[in-house]
Structures are given as structure tokens and as C-alpha cells.
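This is what each chain is made of:
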Amino acid sequence: MRRFYFLFALLTGLVLVFACGKPEQSSTIPVESVSLNKTELNLIEGGSETLTATVAPGDATDRTVTWSSADATVATVEQNGYVTAVKEGKTTVTAMAGGKSVSCTVTVTKPIKFSITPNSAELEAEGGKFTVTVTCGTTYHIDSKPDWVTEESVTNMVHTFSVPANPASEERSGVIVFCDDKGTCMPCTVKQKAGTGS
């Protein structure tokens, strides 16, 4: 009788094993790493740039990226990686996905004010040379200048100009106008003493 119960229990166990089959394997694929297209970002106040995060592997179950800024008073970040510089300073922007994270150091500086030095030049009647130094954080150009003033060279935003002898018996003057790409213009007045005339 005991042998009968033993065989019955054994058969019942085998039936349950085959009925249940193998335990289900987890279909969740974890995130292994997160990387950014930049680990350092330099912006001027008011500037912006979008960071791009890459989650690996590409078939990870949850590839949602969450963005955050360590100091939002220096730079903010939106949930699409769009970073905006607020004020001068340094902070870090972090992208996190699946428990993995990566950070980018963001340095914010003040914009360079457009200016020229000096803003005037005076030359003798026999002519001569003078220089004008430009300070500009963007691009700029010479918008206009007198015909009798020649730009000889420019190196590291230092412009060298030359003026020939004044053939007239009266003083002459003109303005060299420098303009940046935002439309801000800076004048440099050029005066030359009167010549002897003909």
C-alpha cells in the first residue's frame, strides 16, 4: 500500500513539472551605459546648445533619459538635452537612464563687449601709420572708411592703417566704421593736419 502511495505521489509530481514547464525568463534588458556627444560645453550668457545622449545597448527595455542641472542658476537643461546658459559660472548637466548616468561640465562666461581702441587718430600733414585694436566675441567687418585711408594689414584683430601726405592746404578728417554681426558699430575718427597745398 505504501508503495502505491509512493508511486502515486511521484507520478503526480512529474505531471505538475511537465504541466508548469520551465520558469519564464525575464524579458527585461538593462541599460549598460549612457554617453554624451560632449563632456565639456562652453557657452556665453544667453547662449544655448543641445546635448545628445546615447543609451547602450540599443535594445534596452527602458531607454528613457532624464536630464538635470547641478546648478540651474548657471545653466538649465530641458528634458530633450537643450542647455541654456544663465549666468557666469560652472555647473554639470547629467543624463541618466536605467540607473546609469554621465555628466557634462558646462562653463558659462560673460559675452565679450564689442569695442575698438583707440577711437580716434591724428596724423601730421606728411602722413603716417596708426593701428586700431578690435575686441569682439563674434565676427565683425569694416563697414566704411575714407578713401585716403588704406588698410595695410590685420593680425589678431589689430588693424594697421596708413595715410599719405595731405596735398590740400586744409585739415581733412574721416571716420572708419567697424560693425559686428549684431549690427553694433564703432567709429574711429581720423584727422590729418593741413598740407602746404599746391
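Values in this document were obtained by computation on a predicted structure and should not be read as measured data.

K.L.:
How do you make sense of the side chain of Asn166 when you look at a structure like this?
P.N.:
For Asn166, the position within the fold is in the loop between β15 (158–163) and β16 (172–180). According to the relative accessible area criterion, Asn166 is buried, its value standing at 6%. Separated by 3.0 Å, the side chain of Asn166 and the backbone oxygen of Lys193 make a polar contact. Apart from residues no more than four positions distant in its own chain, Asn166 is found in contact with Ala125, Glu171, Arg172, Gln192, Lys193, Ala194 and Gly195.

K.L.:
Looking at this structure, I do not really get the packing of aromatic side chains. What am I missing?
P.N.:
Given two aromatic rings, their pairing is described by the distance between the two centres and the angle made by the two planes. Applying the stated criterion to the full structure yields 3 aromatic pairs. Centroid distance Phe130 to Phe161: 5.4 Å. Interplanar angle 20°. Geometry classified as stacked. Of this pair, Phe130 sits in strand β12 (residues 128–135) while Phe161 sits in strand β15, and the two are 31 residues apart along the sequence. Grouping residues by exposure puts Phe130 and Phe161 together as buried.

K.L.:
Got a minute to help me understand the sheet that holds strand β13 (residues 140–144) in this structure?
P.N.:
Sheets are built from strands that pair by backbone hydrogen bonding, the pairs being arranged parallel or antiparallel. Read from one edge to the other, the open sheet built from 4 strands follows the order β11-β17-β16-β13, with strand pairing classed as mixed. Since the sheet does not close on itself, it has two edges, and those belong to β11 (120–123) and β13, each with one partner. On average, adjacent strands in this sheet sit at an angle of 20° to one another, irrespective of strand direction. As paired elements, β16 and strand β17 (residues 185–192) share 8 bridges and run antiparallel to each other. By the bridge assignment, Cys179 is partnered in β17 with Cys185.

Rules used throughout
Residues numbered from 1 in each chain as written. Predicted model: local features only at pLDDT ≥ 70, side-chain atom pairs only at ≥ 80, totals over all residues. Heavy atoms only, no water. Helix = DSSP H or I, 4+ residues; strand = E, 2+ residues; numbered from the N terminus. Buried < 20%, exposed > 50% of the residue type's maximum accessible area, 1.4 Å probe, protein only. Polar contact = N/O pair within 3.5 Å; in protein donor to acceptor, adjacent residues only side chain to side chain. Contact = heavy atoms within 4.5 Å. Phe/Tyr/Trp six-rings, centres within 6.5 Å; stacked < 30°, edge-to-face > 60°. Pairing = 2+ DSSP bridges. Axes fitted to C-alpha atoms, helices over the stretch in contact; angles between N-to-C directions.

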